[in-house]
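# Structural overview
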Amino acid sequence: MRISKGALLIVIAFIAPLIVELRTVLAWVNVELTLLESAVLGIGLIGVILVWALWPQEGTSESAG
Amino acid sequence: MTNTYIESFPAEAKVVRAAFYSSFLALAIGGLFGIIQTLHRTGYYRFMDSADYYTVLTAHGVLLAITFTIFFLVGVFTWATTTSLDRPVEDIRFTWAWYGLMVLGTVLTAIPIFAGFTDSEMSASVLFTFYAPLQGHPLFYFGLVLFVVGTWLAGVDWFRSWWAWKQEHPDERIPLPTFMVLTTTLMWYIATLGVAAAILLFLLPWSLGLVESVNPLLTRTLFWFFGHPVVYFWLMPAYMMWYVLLPKISGGKLFSDPLARVVFVLFLILSVPTGIHHQYLDPGIAEGFKFIAMTNTMFLLLPSLLTAFTVVASMEHGARQRGGTGYLGWLKALPWRDPVFAGMALAGLMFAAAGFSGMINAGMNINYLVHNTFWVVGHFHLTVGTAVALTFMAVTYWFLPQVTGKALWSRSVALGQVVLWFVGMTFMSNAMHRGGLLGIPRRTAEPQYEGFEFEAAVGSVGELDAQIALGGALLTLSLVLFFANVVGTALNSRSDDLPANEYADTLSGPSDAPLVLDNLKLWTAIAIVLVIFAYSFPLLSIIERGGLFGPELTELPVSIGLGLEYLWVTTVSTVTAAGETAITIIAGVSS
Ligand code: HEM
Ligand SMILES: [Cu+2]
């Protein structure tokens, strides 16, 4: 693990405001996401974060973090 | 021996615990009404008559914004004075007496509110702002008066402790937590004069039928005289927790004691003369007065920005003590698994967002865009509904072991609970803000109209409703987890492996703070002068135009009319005299 479980949970929680606000921001540049697209994007982002966080770091043991 | 609060102050711990449990009961009932009205408004589930909507909304507003918050904070303040002065209260019977008075007041207020659901004549569906023309049963106002008097006596209790302590420690600085309690209490005394006047002089006599009418603008103005500073009454204990508990939990020290004192002094002097910013749209108050209120409001940003700076600096100090490094890398070293920390940090972050929407509310012209819309509801669910409520729930996980002597039932559930609140509130509040920008009104059971559609800039109104309902559901789930933990902890057996009752040390201590900061008389006098500047002319002109009791004053029985006129003249001269005295004190102290 690259970050502690607690920090990981918080980072994932932060995806909520990010995705929710992103829809409004993108509308300014005429990119209109549907609800479904936003949800898929959010879940995708969470997936990427999980992979990044859980990927074993070279030279550190599994139990670290 | 674990040195918890309950071991050092067993008698006080019982009162603090009773206050906390009272506040949680209010949170539970109020929260239930929250989800009911969310589902009703958004049209997902309507099982009650829309005519009962205001009864639900009144219960939600009063129980959460008044009962939950204030019961919790009197507990925190009692903890803070006893702990930081390291002395028990002067007389525990007095402490129980003010607590009992607050309970009695709450019950008396709740009776007419809940009677609104029945067929009885009695009701008080007047919302938590209760100004005219909405009229409630006299019991509602009477209960409120008792409740407020209870808080006044609580303040006397804290002052008594400090006075007794000062006799024994004549040359010491006021300990920071006590300083925060005392300045907040002084602010509360000034603020509640407005609501006391509104109730005792106008609303209660009117509801009893002693006077025929009231001047609605006057009761509104008196309400907001109190209604703005009450938000600081909720917020100051949350700030106190960020200043004295959060640095400790982060593993460090408070960055600056003097800055913290400056912040609380600024809130004491600036909280009250700003209430008119809730009345930007009220006809009958001149623009100039509104402009003064706006200016004072903008100055209030200063102590909040100071707080943001000090709190983040203290957290960074803590993180670096725990081995954190790098420009932003220290963030990783913070104790995110600790629900007390995570909850307070998330609450603080949402408060930053609330600051932005608050600045929009505060601007006189841009306020017209959002006034009385759902935007405002989105805003204050970030402030009182999260910055305050989430901080209170997070510190509960620290306080419960202190006042029960029992270990917390589950730290993981607690962590899940605070994160869930953050996510739920993100959904609910974002959609409320956006709905407000479309003009969707607040305080409306069925915000949809024949032959008219609100048009969303992004997405649709249906999506906004769905987002609000989703957020509300997550918040309700979060509340369920919170109460599971409270009950689970109460059912635990006593533990002797608990953290000690301690609060944060400081990097820059009280000796760095100028002595004048501790001069409570000076700051109170300045606060009173500012209030007189901000309010005497608006109040006089409101009364001149609309009459003390509305334009129909002549219909009053002569004796009452004369009596009230006498009262009015006395009030004016007392206020003027108080102002002069205050100015003399300031001149005396500062020379
Ligand atoms: C389960 C969590 C909650 C939900 C679902 C919820 C939902 C709502 C909704 C939908 C409204 C607006 C109704 C309308 O204007 O028509 C409202 C109003 C309000 N809420 Fe909440 N809320 C929650 C928690 C809280 C908390 C924790 C507080 C304060 C500590 C709070 C304080 C208020 C206040 C003061 C009002 C205004 C009442 C009025 O306009 O008179 N709410 N709430
Ligand atoms: Cu205000």
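Residues numbered from 1 in each chain as written. Chains lettered and ligands numbered in written order. Predicted model: local features only at pLDDT ≥ 70, side-chain atom pairs only at ≥ 80, totals over all residues. Heavy atoms only, no water.

Threshold: UniProt positions are given in the numbering used here, feature names are shortened, and annotations may be inferred rather than shown by experiment.
Under an unreviewed UniProt entry, the name given to chain B is Cytochrome c oxidase subunit I, and the source organism is Natrialba hulunbeirensis JCM 10989. Looking at chain B in UniProt, the text filed under Subcellular location (unreviewed entry) is "Membrane".

Per an unreviewed UniProt entry, chain A is named CbaC protein, and its organism is Natrialba hulunbeirensis JCM 10989.

## A look at the packing of aromatic side chains
All names here are of chain B. Note the threshold: Centres within 6.5 Å are what make two rings of Phe, Tyr or Trp a pair, Trp counting through its six-membered ring; a difference in plane orientation under 30 degrees is then read as stacked, over 60 as edge-to-face, and the rest as tilted. Only runs of H or I of at least four residues qualify as helices and only runs of E of at least two qualify as strands under DSSP, and these elements are numbered from the N terminus. Summary of the burial criterion: residues with accessible area below 20% of their type's maximum are buried, those above 50% are exposed, and those between are partly exposed, where the area comes from a 1.4 Å probe applied to protein chains only.
Under the defined criterion, the tally for this structure stands at 47 aromatic pairs over all chains. Ring plane angle 85 degrees and centroid distance 5.2 Å describe the contact between F130 and F223, whose orientation is recorded as edge-to-face. Placement of the pair is F130 in the loop between α4 (92-115) and α5 (138-168) and F223 in helix α7 (residues 216-227), with a sequence separation of 93 residues. The two residues F130 and F223 agree in class, both being buried. Pairing Y239 with F267 gives two aromatic rings, centres 5.6 Å apart and planes at 70 degrees, and the pair type is edge-to-face. Here Y239, found in helix α8 (residues 229-244), pairs with F267, found in helix α10 (residues 257-270); they are 28 residues apart in sequence, far enough to count as distant. Judged by relative accessible area, Y239 falls into the buried class, the value being 1%. We classify F267 as buried; its relative accessible area is 2%.

## Some thoughts on the UniProt feature "transmembrane region" (unreviewed entry) in chain A
The positions that UniProt labels "transmembrane region" (unreviewed entry) are, in the present scheme, residues 7-29 and 35-55 of chain A. Secondary structure content for residues 7-29 of chain A is 91% helix and 0% strand, while the C-alpha to C-alpha distance between its ends is 33 Å.

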